[in-house]
Amino acid sequence: MILSRKIIYTLILSLFTFCLYTFMVDFNDFRNFLNNQYVKFKDFVFLLENTEYRETRPLNEELIRNLAQKYGLNLKEINYRQGKYVISLREVDGRALVLFIRDLEQNGVLESLEAVDNTGKGKFDTKITLRPF
């Protein structure tokens, strides 16, 4: 059975139309993907250019003592073991403790924090383990 030319041309045209449509859909998806990635990249560059430079100081015992004195903390002891500082504080106010930890984290990484309130007045006996960057 021989197919007529009209049917063959119609099949070829419909196959070509289907392929063209699929290509256009895929191309449109790819173009949208590239545009989204470009926008993300430009946002990243914008944020990178507008960040504030924060100078970090090397974490050492003197810096820890200065920060404790700045917030009026009762420093019990500072030990340096295996590349980490272990800081013990006595009867620390909760608000001062948060500010102290914030400043410490700008110069090092907080490994662990133990704060116990035995007085019931918001005064914590604290043990902080901190390592330099």
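How each quantity is defined
Residues numbered from 1 in each chain as written. Predicted model: local features only at pLDDT ≥ 70, side-chain atom pairs only at ≥ 80, totals over all residues. Heavy atoms only, no water. Helix = DSSP H or I, 4+ residues; strand = E, 2+ residues; numbered from the N terminus. Rg over C-alpha atoms; globule rule 2.2 N^0.38 Å. Buried < 20%, exposed > 50% of the residue type's maximum accessible area, 1.4 Å probe, protein only. Pairing = 2+ DSSP bridges. Axes fitted to C-alpha atoms, helices over the stretch in contact; angles between N-to-C directions. Contact = heavy atoms within 4.5 Å. Core = buried A, V, L, I, M, F, W, Y, C linked by side-chain atoms within 4.5 Å.

Colleague: Got a minute to help me understand the overall build of the protein in this structure?
Modeller: When you go through the protein residue by residue, the secondary structure sums to three helices and four strands. What you see for the protein is a C-alpha radius of gyration of 32 Å, clearly larger than the 14 Å of a compact globule of 133 residues, by over 25%. Expressed as lengths along the three principal axes of its C-alpha atoms, the size of the protein is roughly 100 × 35 × 30 Å. Within the span of the protein, comprising 133 residues, buried residues form 20% of the whole.

Colleague: How should I be thinking about the sheet that holds strand β3 (residues 108–116) in this particular structure?
Modeller: What holds strands together in a sheet is hydrogen bonding between their backbones, with the strands either parallel or antiparallel. Here we have four strands laid out as an open sheet, ordered β1-β2-β4-β3, and antiparallel in their pairing. At either margin of the open sheet sits one strand with a lone partner, and together these are β1 (74–81) and β3. Mean inter-strand twist for the sheet, computed between neighbouring axes without regard to direction, equals 15 degrees. Both β3 and strand β4 (residues 123–132) contribute to a ladder of eight bridges, which runs antiparallel. Following the sheet pairing, Glu114 is matched in β4 by Lys127. Contacts from helix α2 (residues 61–70) reach β1 and β2 (84–93), with the element oriented near 160 degrees to β1. Lying over the sheet, helix α3 (residues 94–105) contacts β2, β3 and β4, oriented at roughly 160 degrees with respect to β2.

Colleague: Sorry, what's going on with the pairing of β4 here?
Modeller: Within a regular strand, side chains alternate between the sheet's two faces. Both β2 and β4 contribute to a ladder of seven bridges, which runs antiparallel. Of the residues in β4, the one forming a bridge with Asp93 is Lys123. Hairpin geometry of β3 and β4 is characterised by an intervening segment of six residues between the two adjacent antiparallel strands and by a positive phi of about 80 degrees at Gly120.

Colleague: Please clarify how the pairing of β2 should be interpreted in this entry.
Modeller: Sheet topology places β1 next to β2; seven bridges connect them, and they run antiparallel. By the bridge assignment for β2, Asn74 is matched with Arg90. The antiparallel pairing of β1 with β2 creates a hairpin that spans two residues between the two strands, and Gln82 there sits at a positive phi of about 50 degrees.

Colleague: Looking at this structure, I do not really get the nonpolar core. What am I missing?
Modeller: Taken as a class, soluble globular proteins show a tendency for nonpolar side chains to be buried jointly. By size, the foremost hydrophobic cluster in this structure holds 20 residues, and its most contacted members are Ile64, Leu73, Ile87, Leu89, Phe100, Leu104 and Ile128. Among the secondary structure elements, those contributing two or more residues to this core are α2, β1, β2, α3 and β4. With five residues, α3 is the largest single contributor of residues to this core. With residues up to four places along the chain from it excluded, the contact list for Leu89 reads Leu73, Asn74, Leu75, Lys76, Leu97, Phe100, Phe124, Asp125, Thr126 and Ile128.

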